[in-house]
Amino acid sequence: MRLSIPPVSESPRPDPTELDLFLGFLWASVRGFGGVFVMGRRMLVEERKWLTPEEFVELLGVCQFLPGANIVNLSVAVGQRYRGWKGSLAALTGILAAPAAVSVMLAALFMRYAAVPQVAHAMGAVAATAAGLVVGTALKMAEPVFRKDWILALPVALGTLVLAAFLRWPLPWVLLLMAGSGSALAWGRRAR
Amino acid sequence: MNGLSPIAQVALQFLLLSVLAIGGVNAVTPEIQRQVVDLRHWMSAREFAEMFAVAQATPGPNLLIATLVGWRVAGIPGAFIATVCMCGPSSVIVYTVTRAWDRFRDRPWRQIIQAGMAPVVVGLIGTSGYILAKGADADWRAVALTCAGAVLVWRTRLNPLWALGAAAGLALLGVV
């Protein structure tokens, strides 16, 4: 990705190696307890200066538009930019290795003690809360989308919810129908 | 697909879902749940909600639910393959697009699709929350915890891990 924004300061552009990319993203994922995204931004923009704040916003826009987890996509994009496919692979491994290992260890620990009633009860409470976190995320994401154009957002979001949650349509069909009609509606409202 | 070994089924499933995960892995969580719980009966809805909770409690990107489904189905190799398959195709797409970005960054269709997709993603994440809550909420106390978690994320900037820790603590003390 070549961006036309010239560097503001006179300091030379950073030139991270594959190892730098791996370690940078690994460290961000280890520190990012509960919010790897926040740490990712701090590492990329503030500490290592691999991206300017403007580049970060633009790249994030691209990553949100494409499939995959934001921070994972961001690691691929930043790796690509500095070291091609090897850089992407290094950054991707860096962001994923530790969390994947930790999640399996936590799950194994839980499964080992799942028969203990207190553990099962506590895990039930954690699972109920975790579900709430996702509901809260949906509400938080809905706010700006609805504020921007609720006539577009309301039928499309509700239609998606009904098809996916209640009718349990397979995702490809939900996406085909709702992304299609959502985009058509967005196009119509834009042309007005 | 039923003649394949479970690990191959997991691999195929996540390779496909990787391409569909616009809006992140939370957007495909309902589909993962549908396949893992409803179609293949690899675990119950409650077990799926528990694995999701472990994934949430782990620092890192939110695709860890895929890692844990792979692990439950086929151990460590399953975890590895599920993780690689979940981020492989999407990463190839990101790599290709960011390389060629200058060519279509200002095209108007991009804005239109983005505007049309945003409410779809909202609906899919809402679906994730609903389906996970349905699996996890056995009684009114659990429903109350779900509501508390939702309000916390929606209305405050507190780190959500505090909520998960507090829920575990309250449960161990016998409050909920």
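## Examining the overall build of chain A
No. 1: Of the regular secondary structure elements, chain A holds seven helices and zero strands.
No. 2: Along chain A, from the amino end to the carboxyl end, the secondary structure elements read α-α-α-α-α-α-α.
No. 3: Relative to the globule expectation of 16 Å for 192 residues, the C-alpha radius of gyration of chain A, 21 Å, shows a markedly less compact shape.
No. 4: Overall, chain A is about 60 × 55 × 25 Å in size when its C-alpha atoms are taken along their principal axes.
No. 5: By residue count, 45% of the 192 residues in chain A fall in the buried class.
No. 6: Long-range contacts, defined here as pairs at least 24 residues apart, represent 47% of the contacts in chain A between residues at least 6 apart.

## Brief notes about the overall build of chain B
No. 1: Scanning chain B for helices and strands turns up eight helices and zero strands.
No. 2: In terms of overall dimensions, chain B has a C-alpha envelope of 60 × 45 × 25 Å along the principal axes.
No. 3: Within chain B, the proportion of its 176 residues that are buried is 57%.
No. 4: Residue pairs in contact within chain B that sit at least 24 positions apart in sequence constitute 59% of those at least 6 positions apart.

## Some details on the nonpolar core
No. 1: Counting residues in hydrophobic clusters, the biggest one holds 124 residues, and the most contacted among them are V126 of chain A together with I65 of chain B.
No. 2: Here this core takes 18 residues from helix 4 (residues 64-99) of chain B, the largest share from any one element.

## Points about the packing of helix 5 (residues 117-148) of chain A against helix 8 (residues 160-172) of chain B
Think of two packed helices as two axes; the pair is described by the angle between the axes and how far apart they sit.
No. 1: For the pair helix 5 of chain A and helix 8 of chain B, the least separation of the axes is 8 Å and the interaxial angle reads 150°. Crossing of helix 5 of chain A over helix 8 of chain B shows right-handed handedness. Note on element contacts: helix 8 of chain B touches helix 5 of chain A through P160, A163, L164, A167, A168, L170, A171 and L172 of chain B, opposite Q118, H121, A122, A125, V126, T129, A130 and L133 of chain A.
No. 2: In the contact of helix 5 of chain A with helix 8 of chain B, the residues fall into 13 nonpolar, three polar and no charged.

## Brief notes about the interface of chain B and chain A
No. 1: Counting from both sides, the interface comprises 91 residues of chain B and, opposite them, 81 residues of chain A.
No. 2: When contributions to the side of chain B that touches chain A are tallied by element, the ones reaching two or more residues are helix 1 (6-20), helix 2 (29-39), helix 3 (45-57), helix 4, helix 5 (101-104), helix 6 (108-136), helix 7 (140-155) and helix 8 of chain B.
No. 3: Of the residues contributing to the side of chain B that touches chain A, the split by class is 63 nonpolar, 22 polar and six charged.

## Some thoughts on the confidence of the model for chain A
No. 1: Residue-level pLDDT values for chain A average 87, and 91% of them are 70 or greater.
No. 2: Here helix 3 (residues 53-65) of chain A stands out as the least confident element of chain A, with mean pLDDT 81; helix 6 (residues 150-166) of chain A is the most confident, with 95.

## With respect to unusual backbone geometry
All names here are of chain A.
No. 1: The phi dihedral of K49 falls on the positive side, at around 55°, and the residue is not glycine.
No. 2: Among the secondary structure elements, K49 is positioned in the loop between helix 2 (36-47) and helix 3.
No. 3: According to the C-beta neighbour criterion, K49 is partly exposed, with 14 such atoms within 10 Å.
No. 4: Here R168, not a glycine, exhibits a phi torsion of approximately 55°, which is positive.
No. 5: Checked against the element boundaries, R168 lands in the loop between helix 6 and helix 7 (171-191).

## Describing helix 1 (residues 18-31) of chain A
Residues and elements named next belong to chain A.
No. 1: Along its 14 residues, helix 1 runs 20 Å from first to last C-alpha, staying within 8% of the 20 Å computed at 1.5 Å per residue.
No. 2: For helix 1, the full list of buried residues reads L21, F22, G24, F25, A28 and S29. One side of helix 1 carries all its buried residues, which in axial view fall inside an arc of 165°.
No. 3: Turning to helix 1, the residues buried within the fold contact helix 2 and helix 4 (70-112).

## Digging into the environment of W173 of chain A
Residues and elements named next belong to chain A.
No. 1: Relative to the assigned elements, W173 resides in helix 7.
No. 2: By the C-beta count within 10 Å, which is 12 here, W173 ends up exposed.
No. 3: Once the C-alpha coordinates of W173 and L163 are considered, the two residues, ten residues apart in sequence, prove to be 9.2 Å apart.

## Focus on the packing of helix 3 of chain B against helix 4 of chain B
Residues and elements named next belong to chain B.
No. 1: For the pair helix 3 and helix 4, the least separation of the axes is 8 Å and the interaxial angle reads 130°. Classified by the interaxial angle, the pair formed by helix 3 and helix 4 is oblique. Crossing hand, helix 3 versus helix 4: right-handed. For the pair helix 3 and helix 4, contact is made by M51, F52, V54 and A55 and by L64, I65, L68, V69 and R72, respectively.
No. 2: Looking at the contact of helix 3 with helix 4 residue by residue, the class counts come to eight nonpolar, no polar and one charged.

## Topic: the environment of W140 of chain B
No. 1: Relative to the assigned elements, W140 of chain B resides in helix 7.
No. 2: It is 28 Å that separates the C-alpha atoms of W140 of chain B and V121 of chain B, two residues lying 19 residues apart in sequence.

## Considering the confidence of the model for chain B
No. 1: A residue-level look at chain B finds 97% of positions with pLDDT of 70 or above and a mean pLDDT of 90.
No. 2: Across chain B, the secondary-structure element scoring lowest on mean pLDDT is helix 5 of chain B, at 67, and the one scoring highest is helix 4 of chain B, at 95.

Rules used in this analysis
- Residues numbered from 1 in each chain as written.
- Chains lettered and ligands numbered in written order.
- Predicted model: local features only at pLDDT ≥ 70, side-chain atom pairs only at ≥ 80, totals over all residues.
- Helix = DSSP H or I, 4+ residues; strand = E, 2+ residues; numbered from the N terminus.
- Rg over C-alpha atoms; globule rule 2.2 N^0.38 Å.
- Buried ≥ 20, exposed ≤ 12 C-beta atoms within 10 Å, placed from the backbone.
- Contact = placed C-beta atoms within 7 Å.
- Core = buried A, V, L, I, M, F, W, Y, C linked by C-beta atoms within 7 Å.
- Axes fitted to C-alpha atoms, helices over the stretch in contact; angles between N-to-C directions.
- Left-handed = near helix turned anticlockwise from the far one by under 90°.
- Nonpolar A, V, L, I, M, F, W, Y, C, P; charged D, E, K, R; others polar.
- pLDDT = per-residue confidence, 0-100.
- Expected span 1.5 Å × (residues − 1).
- Arc of directions from axis to C-beta.
- Parallel < 35°, antiparallel > 145°, perpendicular 65-115°, else oblique.

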